[in-house]
There are 4 protein chains.
Amino acid sequence: MKIIIDTDPGQDDALTILLALVSPEIELLGVTTVSGNVDVDQATINALKTMELAGRPDIPVCRGAERPLLRAPVNAMHVHGRTGFEGADLPEPLTNASPEHAVDFLIRSVMENPPGAITICAIGPMTNLALALSREPALRTRIGRTVTMSGAFSEVGNITPSAEFNVYVDPHAAAIVLESDIPIIMLPLDVTHTLHTSAARLARLEAIPNRVGPVVADWLRFEKRFEANKYGTDGGPLHDPNTVLWLLKPDLYRGRQVNVRVETGSELTMGMTVVDWWGVSDLPKNVLFLRECDVEAVYDLIAERLARF
Amino acid sequence: MKIIIDTDPGQDDALTILLALVSPEIELLGVTTVSGNVDVDQATINALKTMELAGRPDIPVCRGAERPLLRAPVNAMHVHGRTGFEGADLPEPLTNASPEHAVDFLIRSVMENPPGAITICAIGPMTNLALALSREPALRTRIGRTVTMSGAFSEVGNITPSAEFNVYVDPHAAAIVLESDIPIIMLPLDVTHTLHTSAARLARLEAIPNRVGPVVADWLRFEKRFEANKYGTDGGPLHDPNTVLWLLKPDLYRGRQVNVRVETGSELTMGMTVVDWWGVSDLPKNVLFLRECDVEAVYDLIAERLARF
Amino acid sequence: MKIIIDTDPGQDDALTILLALVSPEIELLGVTTVSGNVDVDQATINALKTMELAGRPDIPVCRGAERPLLRAPVNAMHVHGRTGFEGADLPEPLTNASPEHAVDFLIRSVMENPPGAITICAIGPMTNLALALSREPALRTRIGRTVTMSGAFSEVGNITPSAEFNVYVDPHAAAIVLESDIPIIMLPLDVTHTLHTSAARLARLEAIPNRVGPVVADWLRFEKRFEANKYGTDGGPLHDPNTVLWLLKPDLYRGRQVNVRVETGSELTMGMTVVDWWGVSDLPKNVLFLRECDVEAVYDLIAERLARF
Amino acid sequence: MKIIIDTDPGQDDALTILLALVSPEIELLGVTTVSGNVDVDQATINALKTMELAGRPDIPVCRGAERPLLRAPVNAMHVHGRTGFEGADLPEPLTNASPEHAVDFLIRSVMENPPGAITICAIGPMTNLALALSREPALRTRIGRTVTMSGAFSEVGNITPSAEFNVYVDPHAAAIVLESDIPIIMLPLDVTHTLHTSAARLARLEAIPNRVGPVVADWLRFEKRFEANKYGTDGGPLHDPNTVLWLLKPDLYRGRQVNVRVETGSELTMGMTVVDWWGVSDLPKNVLFLRECDVEAVYDLIAERLARF
Ligand SMILES: [Ca+2]
Ligand SMILES: [Ca+2]
Ligand SMILES: [Ca+2]
Ligand SMILES: [Ca+2]
């Protein structure tokens, strides 16, 4: 399947890209970058470093939106470190970003392929995708589906008491995507918070006998610091890779088709994903909202794929 | 301890009153009524019926607010039936409500007792309490504590995808109470949804050899219909009685002192209780928010108390 | 006609009371106080001083709400001075406020009189009136009308770019009053900003050969400082007295019956009165909204009345 | 001066384009279209017709956004008629729209010219401009200025009681533009409502001895019907042409540099331009907000220019 990853790397974004690159089921057409965990310049450098780590500098990395549609930028350097890649930084990239803007790349790629052919994997704030949809409404029927790490139901929020980071940073963009009629698969905090990057799991990745495994282990070891401490768990959550993992083995995840809306009207709940899990409204069921996964099987899949490098 | 129950009975409200009446640790000074599950006239009749069932027509029932402060009334007859007491209706009351208005009763009772002497048990929309606090700000330091069934964190909402019924009906009142500096103990959906009124538990109450047990069993059997069906569980949640049960045995419940705010600014999330469970803000920890209880011990306590009638 | 003045004096509030006291058409049943221009304690002292200046210490002054329903208090000491009476302060009052709370006085007075008999003159934040309406919904049909200085259309706002002071301080209270079905006559900034307290007009009041005229002139001379400077006009606006003046001579004012709603959902426009002057909605026409007056005739009426002391 | 007109014609939009085309001071680089008065397809046809009427089919017309960023589309066919050109419809255009998207044209034109060289004349909902700014943040410093017909202060609103049409249709876009640091000149309802298209003024345009004058007169005669009737005036307001007229003779208009923000958080006041005319906040003065004009001189200028065709 053909996918484009829209991302703000971030260590777990990089792991997501690596999993896509190493998986034969997936053809990664390109990576588009956005300000989120770090600013878009750093995110673009990090994406290029990841492509080179994987030996795939040929796949285009397209720089995208510098800032959210309406709101002031918010980053997550308190989680990911100053560079977004702290834990195992990589050599400066030898390649450059594509001259094509992320929004143009998204539009062109989708329009050049048959309707439904392309899956968007959205693992950062959704500014690029929202701009592409606004600029070219035909994308609403041409994008096959959008698989996104974002939102929350029972876990409610992480960056604020009621909002998950990716949605909070650009709630207006998320609202545009959620109301677009594109089939959406959402991997929320409810899933990612069950996947602790425990010492044992990181040790397993570290022991993979190639250069990628140890780098990923070091990344996740750094990234977990903030949230493992916050939640008092052995390891932090594992966020973005669930999107690619769901594409590879959807049966590892369970959820429901439900209505999800984004709060954009009040600062107190700004960016909240309002999930009608119990169907109390009659609103259209626009999202496959996943709430559970087979935790060990997810880590088995990660380890199995990373071993292929 | 001296308590006043502010209530919109409702079968589970009636059980709450009965538990207070039969418990020697508690001195019930009076019951104040409010529109919520049913309108305030029906709620007042239901409170009077409950006092007579318990043989305590001497305790005053004071009629209170007919409608929420700002919003149009919303009821829960879809859960509680047209009368609020469907399942085991009781004879029409022989006694009358007190001539004193609920708000006046609340103010007078609190001001006539020493500071901190009175606990308010708030198990309906908080209109009366908000009006009393606005009318007499001294209550902010005179009320000992408010124990309330309201709000949600991981369970998020029941009447809407993001709001619990008691807060949703009068979110402005709830906001006034939560910002009042009164110590607040909140029994949210996170607790009440773990306490299924299963067939076995209802059978146990029904077998209590007095007239109260079977009535309570019949009430809960009716009340559970809507939510047991909605949630697909054996029995529905048990909501309001947790307030009095917490007063009797607080060790049965576990939670944290956290900041809780109420959304009043957006229709989408109107009445949401925004719970800063993970302490990501620096806001004052105004609520003891309970998230768990010992389910079997809670039902044991109910059965033990009802058996005393 | 029987009126109650609900007020936060403030120099122009005091003039309003004086105009009511000296006018034989009006029977002033009492004055209720509220936090607004100054806090309720100072407002109560100022009301008592005003009654004594007029030689009417027999009319009850009832202390009311200390703070707005939901929002933090905001005062207008930048306009009225620290005491609210700067310009011509008066001797400390010899009398005391009534022991009856403003809300109770409002309810009792309206309920003891025939339906429609009483006019409320609301010239401060409407907290007391909102509490009375919430506590006793029968007031919705028993109050004859409410004449209020509040809101704005073309003048938009004064305390913020989109809100007038009296509504801004307690927008939830104003919303309760506006949705109460009581006939409302609104004297907004559109009227009050046309009534400049020019040097010539103040000189005319000062020349009135009794003790009241010069006091009023001194008050208005102080009060005008802030707004005359802000608006660059000869004299400031004249706000609250228009309510009593409209009661005396409604033909001096012109307006329309329109729908008016209050913004309570967004901080940017909090307390704005949204006036459907052009009838683009189908909402009920709940307010007689006045936009113009005969400026000279208004000042003539003031001078004529003050000369009667 | 080089300008781009971003527009949703609409009769008065067409007059704006004609005034730009006929004025030697102005070099019109292109016209970009947007859904507003009519949908973007109709708006594009109308723009092409206008270019052909003026004998300038060589200037590119670029089709833009089909719908607002977040909100459902709202049109103004009740004012402009089904085609947007009712009153004097023109032959179907022989030319086609440019293959370049409006957003791309805006970005390319601004980036290919020296910083500050280009003026954007925004006379419809600002969706295209907001998308261009989000897609290419360099535009924030490269666009010389934006002259826009939008918003209101004392006139408050037209499509709703608190919002002007162009802002209301896409308030999020307007907010993006207003916060962009581009110098903004706003021609609001406060100006446009003073410029009645009276019978005498239309007769003067009709008498212009070329084919353009009578077409414009017929257009404005149709367009005025709705608003002349609504406001009870001889003629309706004249909206969009003020932008180009201000560029030609700014001395005909008077206003102030003030802070203007757009309400996007509450449905009641959605799209309101909150104008801090009196400087009560310390917010940056981001808009030259015009409130008055020399009405006769404005009509003289229109007539003088149209006579040049
Ligand atoms: Ca990410
Ligand atoms: Ca209840
Ligand atoms: Ca006042
Ligand atoms: Ca237009």
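Quick notes on the rules
Each chain has its residues counted from 1, running along the sequence as written. Chains carry letters from A onward and ligands carry numbers from 1 onward, assigned in written order. Since the coordinates come from a predicted model, pLDDT governs what is reported: local features require at least 70, and pairs of side-chain atoms require 80 or more to be given and counted, while whole-chain, interface and lining totals use all residues. Remark: hydrogens and water are excluded; side-chain values derive from all non-hydrogen atoms of the structure. We call an atom a donor if it is N, O or S and sits within 2.8 Å of the metal, or 3.2 Å for Na, K and Ca. Water is not counted, so some sites may look partial. A helix here means a DSSP run of H or I that spans at least four residues, while a strand means a run of E at least two residues long, and both kinds are numbered starting from the N terminus. Using a 1.4 Å probe on the protein chains alone, a residue whose accessible area is under 20% of its type maximum counts as buried, one over 50% counts as exposed, and one in between counts as partly exposed. The definition of a nonpolar core used throughout is a set of buried Ala, Val, Leu, Ile, Met, Phe, Trp, Tyr and Cys residues joined through side-chain atoms within 4.5 Å. Whether two residues are in contact is decided by their heavy atoms, any of which lying within 4.5 Å being enough. Any pair of cysteine sulfurs within 2.5 Å is marked as a disulfide. UniProt positions are given in the numbering used here, feature names are shortened, and annotations may be inferred rather than shown by experiment. When the copies are superposed, the least-squares fit takes in the C-alpha atoms of residues with a pLDDT of at least 70 in both. Salt bridges are identified by distance alone: a Lys or Arg side-chain nitrogen within 4 Å of an Asp or Glu carboxyl oxygen. Counted as a polar contact is a pair of N or O atoms within 3.5 Å, where, for protein atoms, one must be capable of donating a hydrogen and the other of accepting one, and residues adjacent in sequence contribute only when both atoms are in side chains. All amino acids are sorted into three groups, where Ala, Val, Leu, Ile, Met, Phe, Trp, Tyr, Cys and Pro are nonpolar, Asp, Glu, Lys and Arg are charged, and the leftover types, Gly among them, are polar.

Chain A has the name Nucleoside hydrolase in an unreviewed UniProt entry, where Acetobacter aceti is given as its organism.

*Asks:* Looking at this structure, how should I read the coordination of the calcium ion (ligand 1)?
*Replies:* Any two of four tetrahedral donors ideally make an angle of 109.5 degrees at the metal, while pairs among six octahedral donors ideally make 90 or 180 degrees. All names here are of chain A. Coordination of the calcium ion (ligand 1) by the protein is provided by D8 (OD), D13 (OD), D13 (OD), I123 (O) and D240 (OD), with metal-donor distances spanning 2.1 to 2.6 Å. When the donor residues of the calcium ion (ligand 1) are listed from N- to C-terminus, their spacing reads D-x4-D-x109-I-x116-D. Residue D8 is located in the loop between β1 (2–7) and α1 (11–22), and its partner I123 is located in the loop between β4 (118–122) and α5 (127–135); the two are separated by 115 residues in the primary sequence. Overall, the relative accessible area of 0% leaves D8 in the buried class. Judged by its relative accessible area of 0%, I123 is buried.

*Asks:* Can you help me understand the nonpolar core in this one?
*Replies:* One finds F289 of chain A, F289 of chain B, F289 of chain C together with F289 of chain D to be the most contacted residues of the largest nonpolar core, which totals 180 residues. In this structure F289 of chain C touches A152, F153, M186, P188, D190, G255, R256, V258, V260, V275 and W277 of chain C, once residues within four positions along its chain are discounted.

*Asks:* Explanation requested: the state of the cysteines in the structure shown.
*Replies:* Joining two cysteines, a disulfide is a covalent bond between their sulfur atoms. With the rule as written, the count across this model stands at 0 disulfides over all chains. The thiol of C293 of chain B is unpaired, and the distance to the nearest cysteine sulfur, on C121 of chain B, comes to 16 Å.

*Asks:* Sorry, what's going on with the UniProt feature "domain: Inosine/uridine-preferring nucleoside hydrolase" (unreviewed entry) in chain A here?
*Replies:* UniProt annotation of "domain: Inosine/uridine-preferring nucleoside hydrolase" (unreviewed entry) refers to residues 3–299 of chain A when read in the numbering used here. In the segment residues 3–299 of chain A, helix accounts for 37% and strand for 16%; the C-alpha atoms at its two ends are 22 Å apart.

*Asks:* Mind showing me how you'd approach the relation of the copies chain A and chain B here?
*Replies:* The second copy of the chain is related to the first by a rotation about an axis and a shift along the axis. When chain A is fitted to chain B, the best match, at an RMSD of 0.0 Å, comes from turning it 180° and sliding it 0.0 Å along the axis. Considering both components of the superposition, the chain copies are consistent with a two-fold axis. Proximity to the rotation axis, assessed at the C-alpha, singles out S154 of chain A in chain A; its C-alpha lies 2.0 Å from the axis. Same-surface contact between copies: 100% of interface residues of chain A are shared with the interface of chain B.

*Asks:* How should I be thinking about the interface of chain A and chain D in this particular structure?
*Replies:* Note: interface size is frequently given as the accessible area lost on complex formation between the parts. Across the contact, 18 residues belong to chain A and 18 residues belong to chain D. Run the count over chain A and chain D and you get 2 salt bridges. Where chain A touches chain D, the interface holds 4 residue pairs in polar contact (both at pLDDT 80 or more). When the residues that make up the side of chain A that touches chain D are grouped by side-chain class, the tally is 7 nonpolar, 5 polar and 6 charged.

*Asks:* Looking at this structure, how should I read the coordination of the calcium ion (ligand 3)?
*Replies:* Residues and elements named next belong to chain C. For the calcium ion (ligand 3), the full set of protein donor atoms is D8 (OD), D13 (OD), D13 (OD), I123 (O) and D240 (OD), at a range of 2.1 to 2.6 Å. Donor residues for the calcium ion (ligand 3) sit on one chain with the sequence pattern D-x4-D-x109-I-x116-D. Here D240 lies in the loop between α11 (212–231) and α12 (242–248) and I123 lies in the loop between β4 (118–122) and α5 (127–135), a separation of 117 residues in the sequence.

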